[in-house]
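Results of the structural survey
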Amino acid sequence: MTYSQTWDLESIYPGGINSPKLMAKYDLVAEQIHSFAEAVDQAEASAETIANLSDLAQSIGSGLGTINIFINGWASVDYGNSIYSPHFDKLGKLFVDFSAPLNKFQKLLLTLDDSSFERVIHSERLTDIAFYLSELRTNAKRLLDDDTESLINQLDLDGQQAWSKHYDTISASLSMNYTDTEDGKTRHISAGQALNMLDGEANNDTRANIMANYEKMWSNAENLTADTLNHLAGFRLTNQKAHNRKNHLEQPLEMNRMSQATLDAMWRVVDDNKSMFKPYFDRKKQLLGLKDIGWQDQVAPLTNIGDYQPEEVSYDDAAAFIIEQFGKFSPKMASFAKMAFEKRWIESENRPGKQPGGYMESVPDLQESRIFLTYTGSVNDAATIAHELGHAFHSAQLTDLPLWRDAYAMNVAETASTFAELIVNDANVRGAKSDAEKLVLLDAKMTNPIAMFLNIHARFLFEDAFYQERKNGVVTPQRLNELMDDAQKNAFDGILDVRHPHFWSSKLHFFIDSVPFYNFPYTFGYLFSAGIYAQVQKDGADFEDKYIALLRDTANMTSEELAKKHLGVDLTQPDFWQAGANLIQKDIDEFLTLSEQFI
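Description of the structure in this document.

With respect to the pairing of strand β5 (residues 368-372)
Judged by how many residues are buried, β5 sits mostly within the fold: 4 of 5 residues are covered. Across 2 bridges, strand β3 (residues 346-347) lies against β5 in parallel orientation. Looking across to β5, one finds that I346 is bridged to I371. One ladder, built from 5 bridges, connects strand β4 (residues 359-363) with β5; its direction is antiparallel. Each bridged residue has a counterpart across the sheet, and for S362 the counterpart in β5 is S369. Hairpin connection from β4 to β5: 4 residues lie between these consecutive antiparallel strands, with Q367 at a positive phi of about 55 degrees.

Observations regarding the layout of surface pockets
Taken as a whole, the second largest pocket encloses approximately 440 Å³ of empty space. Lining the second largest pocket are 24 residues, with D426, K445, Y533, L583 and D587 positioned closest to its centre. Among the elements of the structure, α17 (410-430), α18 (435-445), α19 (447-470), α22 (520-539) and α25 (574-595) are those that each provide at least two residues to the lining of the second largest pocket. With 7 residues, the single largest contributor to the lining of the second largest pocket is α17.

Side note on the nonpolar core
Counting 143 residues, the largest nonpolar core has F277, F326, F341, L389, F453, F462 and F528 as its most contacted members. L389 has contacts with I322, F326, F336, A337, A340, F341, I346 and I371, leaving out every residue within four places of it along the chain. Counting residues in each nonpolar core, the second largest holds 46 residues, with I67, I69, A75 and Y359 among its members.

What counts, and where the lines are drawn
Residues numbered from 1 in each chain as written. Predicted model: local features only at pLDDT ≥ 70, side-chain atom pairs only at ≥ 80, totals over all residues. Heavy atoms only, no water. Buried < 20%, exposed > 50% of the residue type's maximum accessible area, 1.4 Å probe, protein only. Helix = DSSP H or I, 4+ residues; strand = E, 2+ residues; numbered from the N terminus. Pairing = 2+ DSSP bridges. 1 Å grid on protein atoms, 1.4 Å probe; cavity = no way out; pocket = protein on both sides within 12 Å on 5 of 7 lines; lining within 4 Å. Points joined across faces, edges and corners; volume = space filled by probe spheres on them. Core = buried A, V, L, I, M, F, W, Y, C linked by side-chain atoms within 4.5 Å. Contact = heavy atoms within 4.5 Å.

This is a description of form; function is not addressed.
Okay, structure coming up:
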C-alpha cells in the first residue's frame, strides 16, 4: 500500500491556518473560560459542583489542546514564518485567561477538610480523576493571592513564553556552509538540515566539516542565545522561589511524579556503567577509520562493512515493517499503527522549510494524534516513526477516560515510545541476512543507549550546574561553554576527543518554557521500557492486556507506585535500573564479538 507522507490537518479545522472553524473555536473556548470563571466565583465546594466544574475545565483543556496542535502543525511545516505568531499569541492569552479561574478552582478544593475531600473525589463522577484532583489541591497550597497569580501568568506571556519563542526565531534564521568532501562542492543549509545531517552523514570528513561549521554557526549566535537562556531561566527561578520551591529540581520532579531518591538511583546506575561504552567506541573508531571520536561521531552510521551496502528503505516498506513487528507483540498496536498511516496522521516528507526533530501531539477534541518527523530512508528512521507511534498508542488507550486521566508525565510518556522503538530495533537486528548487516544494525540500535546514558546525562549535568549558577546572576556565554564542556567530559567519561561546547545554544530542549529539565525523563523512559520489555519475555500472550493496563494508569499514580503495581519493582533501588544497563552490555558484547572479523 502507498501511504501519504503529508499529514491531514484539514480534518481538524478545514481551510488552513485562518480556518473559519478555528476562529469559531477561539470564540467558543473564550466563552467557556468566561463561564468557568463565573461559576468558580460563585461556587461552594460539593461533589456535584466540583464534578460540574471539572467537566467544564476539561472541555476547555481539550479545546486548547486541539487548537495548539493545529497551529503548531502548520508552523512546523513552514518553520520560521511569522504568519503564525498572532495565532500563538492568541492561544497564549487564552491559556492565561484560563489559568486564573483554574487557580481559584484549585483553592476551592482546599476549602474542604481532608476527610470531606476524600469523600468528594471518590464520588461516582469524580473517581476517575481523583488522583489529578488531589494533585491540584496539593498545588493550591503553593498559590499566592489571586491578583498576584494573575499578574505572574500575564507576565509569562512576554516573559518565559516570549523568550522560548524568541529562541525559535533565532534558530529559524540560522544557516551555514559546509564542504562535501566527496565532490568538493560547498553547500548552503539551514540549522535544521545541518542537525539532521550530523546524525546521518556517512563520510567522516564531510561529517567533521559540518560539525565544525555547525559549532561556529552557534558560536556566532551565542550572545543572543545566552541572553535568551538566562532570561528564560531567571523567570523560572523567580517563579519557583515565589511559590516556595526548595530548589530548581523540585518542580520537574513533581511534574514527572517521581522522587529525588528515584532520580539519584537512576543516575547512580548510569554513572556506574559508563565504562562499558569505552570498548564500543574504541572498536567503532577502528571500523570508521577515525583517529579521534568527536561529538558528530556518536551515532555515525557504519559503512564499508564487508560486502554489505545499506539500502535506502522506502517509507511504505518502513510502515509495513513497523506494522508487522508491532503485531508480534500486540495486535492492537499493529492495528493502531496501520490506522495512523492510512488516516494521514503522520507528516514525514523530507523537504525544505520544516522544523528539525520530531514529536507527537494529541488532538483531544477528535481523540486522535498527529505525528511530525522527517523521513530520509536511513536505517534509524523506521525506529523514529515507531517511537512517535508509541506515544500515539499510549494516548489512544486513554480516550475513553476523562482528559485529566490523560495527563501523564513526560517520563512515562517516553516509556511507551521507547518500548515501540525497541521492538523495531530488535526486529531489525534479528532479521539481518549476514554478519555485516547485523553489525550495522546493532550499531544503529546503540543510538538509544548512547543518547540515554551519555548524551542525555550531559544535558542534565549542564542544566543542573547552570541553574545552580544562574541563582547568583547572569551566566556568560563563555561560562556556559565551560559548563557544557565539563558536562560532556563527565557524562561521556572521557570518550569524546572533540566536544560540542555550544550544545547548550543549539539544543531546543533547553529553551522550552513549559517543561523544565527536558532530559532525565528520557533516560527514565528508556530504562523503564527495558523493564517492560523484559516482562514481555515472561508473559508472552498475556503481555498486551498487562501493558495496556499499565498505560491506563500512567496519569493515575506516582512513578514509584506505577512500577510497584505493574512491574513489582522499587525504583529507588538500583536493581531495576541495572537490569536495563545489563541489556546494553549484552548488545555491546555481541557488537565487539561480531566486529572482530571486520577490523
